[in-house]
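Chain residues, written in single-letter form:
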Amino acid sequence: MAFKRIVAFYRKILFPSPVKPPFVHVCQVGDPVLRSKAMPVPPENISTPEIQQIISQMQQVMKKYDGVGLSAPQIGIPLRIIALEFSPEREKEIGTEVYAAREMSPLPFTVFLNPKMEVLDFKKIVFPESCESLRGYSAMVPRYKAVRLTAVDQKGEPIVLESKGWISRIIQHEMDHLDGMLYIDLMDSKSFQNDAWHKINVYQGRVQIQFYKK
């Protein structure tokens, strides 16, 4: 099958090691897969065990890292698949004031295959942003206020999501991953920081970056 040969070709180039994707970890900046343009998933392959395994793995990795969004390239698969989730419990974790100020809203775990994005509100909002592929760092990043995402879900059914605020930001962040972009390409470079800088000073450098939370 042509599709499998293409994926095998990219895997051979990008991943010569015995550990093969889909990974149970998030690839870190420097990995070539994060700078490659992801390929569309052929519609006839959506229901295959291979694609369903990738989706299942993405959900497991999101839970392991306590993430709100993930793209297939981040687990080593250069395919156009993203997953989003923003649980209601995050309002308590983040705080009501910040939750409201950043226009956050809940979203159940949702998968988008071959997504296309349309900007609904071109006003750009600047807020801190981080990424599991640059673990431990963040920066101020401008994002469009509202977008519409059209795709198919893991069953191959059409799905549309119109969003504003924080969910819109997550969508734009994950869509960038599919085109080989990272938030550092858009950030205010002077705002780029190690989020543990103060802790590093307090503990005289005896600090480790934790790459997952679960």
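Look a little higher up for the structure.
From a predicted model like this one, the values you see are computed outputs, not experimental measurements.

Chemist: Account for the nonpolar core, naming residues and giving values.
Modeler: Counting 21 residues, the largest nonpolar core has Ile54, Met58, Leu79, Ile81 and Leu113 as its most contacted members. The leading source of residues in this core is helix α2 (residues 49-65), at seven residues.

Chemist: Tell me about the pattern of salt bridges, and please be specific about residues and values.
Modeler: Taken as a whole and judged by the stated rule, the model has 12 salt bridges. In this structure, Glu103 engages Lys145 in a salt bridge whose closest nitrogen and oxygen atoms are separated by 2.7 Å. Taken together, the positions of Glu103 in the loop between α4 (96-101) and β3 (107-130) and Lys145 in strand β4 (residues 137-152) put the pair 42 residues apart, joining distant regions of the chain. Taking relative accessible area as the criterion, Glu103 reaches 28% and is therefore assigned partly exposed. Close ionic contact of Arg143 with Asp176 constitutes a salt bridge, the shortest N to O distance being 2.8 Å. Taken together, the positions of Arg143 in strand β4 and Asp176 in helix α5 (residues 165-178) put the pair 33 residues apart, joining distant regions of the chain. No difference in accessibility class separates Arg143 from Asp176, as the two residues are buried.

Chemist: Talk me through the pairing of strand β2 (residues 81-86); I want residue IDs and the actual numbers.
Modeler: Both faces of the sheet carry side chains from a regular strand, because those side chains alternate between them. When you tally the buried positions in β2, you get five out of six residues, the bulk of the element. When strand β1 (residues 69-71) meets β2, the two strands line up antiparallel, connected through three bridges. Bridging across to β2, Leu70 finds its partner in Ala83. Examined bridge by bridge, β2 and β3 share five bridges and lie antiparallel to one another. Bridging across to β3, Ile81 finds its partner in Leu113.

Chemist: Can you lay out α2 for me, pointing to particular residues and giving the numbers?
Modeler: Relative to the 24 Å expected for 17 residues at 1.5 Å per residue, α2 spans 24 Å between its end C-alpha atoms, a close match to the ideal helical length. Residues of α2 that are buried: Ile51, Ile54, Ile55, Gln57, Met58, Val61, Met62 and Tyr65. Buried residues of α2, viewed axially, fall in a sector of 160 degrees; they line one side. With respect to the buried face of α2, the exposed residues turned more than 90 degrees away are Pro49 and Lys63. Backbone geometry just after α2 places Asp66 at a positive phi near 55 degrees.

Chemist: If you had to explain the packing of aromatic side chains to someone new, which residues and values would you point to?
Modeler: Applying the stated rule across the entire model yields four aromatic pairs. The interplanar angle of 45 degrees and the centroid separation of 6.3 Å between the aromatic rings of Phe86 and Tyr99 together place this pair among those described as tilted. Within this pair, whereas Phe86 is found in strand β2, its partner Tyr99 is found in helix α4, the two being separated by 13 residues in sequence. Accessibility assignment for this pair places Phe86 and Tyr99 in one class, buried. It is Arg90 that lies over the ring of Phe86; its NZ or CZ is 5.7 Å from the centre.

Chemist: An account of the state of the cysteines is needed here, citing residue identities and associated values.
Modeler: For the structure on display, the rule yields zero disulfides. Of all cysteine sulfurs, the one in Cys131 lies closest to Cys27, which takes part in no disulfide; the gap is 11 Å. By relative accessible area, which is 8% here, Cys131 ends up buried.

What counts as what
- Residues numbered from 1 in each chain as written.
- Predicted model: local features only at pLDDT ≥ 70, side-chain atom pairs only at ≥ 80, totals over all residues.
- Heavy atoms only, no water.
- Core = buried A, V, L, I, M, F, W, Y, C linked by side-chain atoms within 4.5 Å.
- Buried < 20%, exposed > 50% of the residue type's maximum accessible area, 1.4 Å probe, protein only.
- Helix = DSSP H or I, 4+ residues; strand = E, 2+ residues; numbered from the N terminus.
- Salt bridge = Lys/Arg side-chain N within 4 Å of Asp/Glu carboxyl O.
- Pairing = 2+ DSSP bridges.
- Expected span 1.5 Å × (residues − 1).
- Arc of directions from axis to C-beta.
- Phe/Tyr/Trp six-rings, centres within 6.5 Å; stacked < 30°, edge-to-face > 60°.
- Lys NZ or Arg CZ within 6 Å of the ring centre and 35° of its normal.
- Disulfide = S-S within 2.5 Å.

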